[in-house]
Amino acid sequence: MNPKMHGIDAQPGDLAQLVGLSHKNFILTLIPGAEFQTHRGVLKHDDLIGKPWGSQVFSHMGSPFFLMQPSLAELLRGIRRNTQILYPKDIGFILVMLSIGPGQHILEAGTGSGALTTALAYAVGAEGQVTSYEIRPDMQRLAEKNLQRVGLAERVRLKLGDIAAGFEETGVDALFLDVINPYDFVSQVRKALKPGGFFGSILPTTNQVTRLLGALRQQHFAFIDVCEIMLRYYKPEPDHLRPTDRMVAHTGYLVFARPVLVAEDKRGEELEELFVETGLGPL
Ligand SMILES: C[S@@+](CC[C@H](N)C(=O)[O-])C[C@H]1O[C@@H](n2cnc3c(N)ncnc32)[C@H](O)[C@@H]1O
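Residues numbered from 1 in each chain as written. Predicted model: local features only at pLDDT ≥ 70, side-chain atom pairs only at ≥ 80, totals over all residues.

Novice: So what's going on with the packing of helix H4 (residues 115-124) against helix H5 (residues 137-149)? Residues and values would help.
Specialist: The geometry of a pair of packed helices is captured by two quantities: the angle between their axes and the separation between those axes. Where H4 meets H5, the axes come as close as 10 Å, and the angle between the chain directions of the two elements is 40°. Our classification of the angle between H4 and H5 gives oblique. Both H4 and H5 take part in a crossing whose hand is right-handed. Contacts from Thr117, Thr118 and Ala121 in H4 reach Ala143, Asn146 and Leu147 in H5. In terms of residue class, the contact of H4 with H5 is built from 3 nonpolar, 3 polar and no charged. (Axes fitted to C-alpha atoms, helices over the stretch in contact; angles between N-to-C directions. Helix = DSSP H or I, 4+ residues; strand = E, 2+ residues; numbered from the N terminus. Parallel < 35°, antiparallel > 145°, perpendicular 65-115°, else oblique. Left-handed = near helix turned anticlockwise from the far one by under 90°. Contact = placed C-beta atoms within 7 Å. Nonpolar A, V, L, I, M, F, W, Y, C, P; charged D, E, K, R; others polar.)

Novice: Go over the domain arrangement of the chain with me, naming the residues and quoting the values.
Specialist: Entries for the chain in the domain assignment read domain 1 (15-70) and domain 2 (74-278). Domain 1 and domain 2 are separated by 34 Å when their C-alpha centres are compared. Counting residues at the interface gives 5 residues for domain 1 and 5 residues for domain 2. Of all the elements in the fold, those that place two or more residues in the side of domain 1 that touches domain 2 are strand S1 (15-19) and strand S2 (25-29). Taken together, the residues of the side of domain 1 that touches domain 2 sort by class into 3 nonpolar, 2 polar and no charged. (Domains from an automatic or database assignment.)

Novice: Give me the lowdown on the pairing of S1, citing residues and values where you can.
Specialist: Alignment of S1 against S2, held across 5 bridges, turns out to be antiparallel. Within S2, the residue paired with alanine 16 across the bridge is leucine 28. A loop of 5 residues connects S1 with S2, the two strands running antiparallel in sequence, and serine 22 in this loop sits at a positive phi of about 55°. Bridge count between S1 and strand S6 (residues 64-68): 3 bridges; the pairing is antiparallel. Residue pairing across strands places glutamine 17 opposite methionine 68, the latter belonging to S6. (Pairing = 2+ DSSP bridges.)

Novice: Tell me what's going on with helix H3 (residues 88-97), and back it up with residues and numbers.
Specialist: Residues of H3 that are buried include every one of Asp90, Ile91, Ile94 and Leu95, and no others. Looking down the long axis of H3, one finds its buried residues gathered within 135° of arc, a one-sided arrangement. Considering only its buried residues, H3 is in contact with helix H2 (72-77), H4, strand S10 (172-177), strand S11 (193-203) and strand S15 (253-259). Two residues or fewer past H3, serine 99 is found with a positive phi of approximately 55°. (Buried ≥ 20, exposed ≤ 12 C-beta atoms within 10 Å, placed from the backbone. Arc of directions from axis to C-beta.)

Structure (structure tokens):
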């Protein structure tokens, strides 16, 4: 079932979030006649259906919960993980830089726990398609469960295999690699991605970035950007507004690039060199 993410009241088939005391929260799909058990009591779905989002609701033991529509950030937070997953701060920028939108076909590897897969599936909408490659069957099973839990599995084709053998797809709109050695797969990427499409990757060290940049240049990728995202939260206290005590200092370096078609014409060389060297610059 594809989740609905609009409307003022909770409706059958909607993905809902119950947020209780101590921020304990649960994500569920609303099904007429069903019941949801928590350690603080039972809530009947029929008592939730029809309530405006943001309402307070109570379990049979009287415990209060807020009935919310889960944000994409909340869906990502709830992902069960066996691998390092991509953080929402990186995912947000990836979606913008790869220009992910409704109806597109997006390719990624590796699937891992499926955090990026979830965000991509959310962004391509019911008409779009995400194809995700993973080498480890256990990881693929975990990602599938995570996607089913949030109702996005129908938009995703999970494929088991080593991307060294290449992708079966061609002409995809965008492709993201979150594997340890993306620089080894740039020719496979080039074959799968449509000319002028969007490529991105995340790497934990600058040494790996250097290797990827070399491979991208060799394969005629241009508009190359390298960046990292730093996000600092603040304590939302009007009279004592200050940063929270901890922050995530480093997740990875993001690299973006686009494959261009090089003309067999000397007049084009200068243009290609310019954009390979400089990218398009900061947003
Ligand atoms: C860091 S995890 C990806 C996490 C994922 N982006 C997420 O947000 O949950 C990297 C995954 O890539 C897979 N992988 C590594 N090399 C691969 C290859 N050559 N082909 C397919 N999958 C690969 C690993 O098994 C691992 O599950």
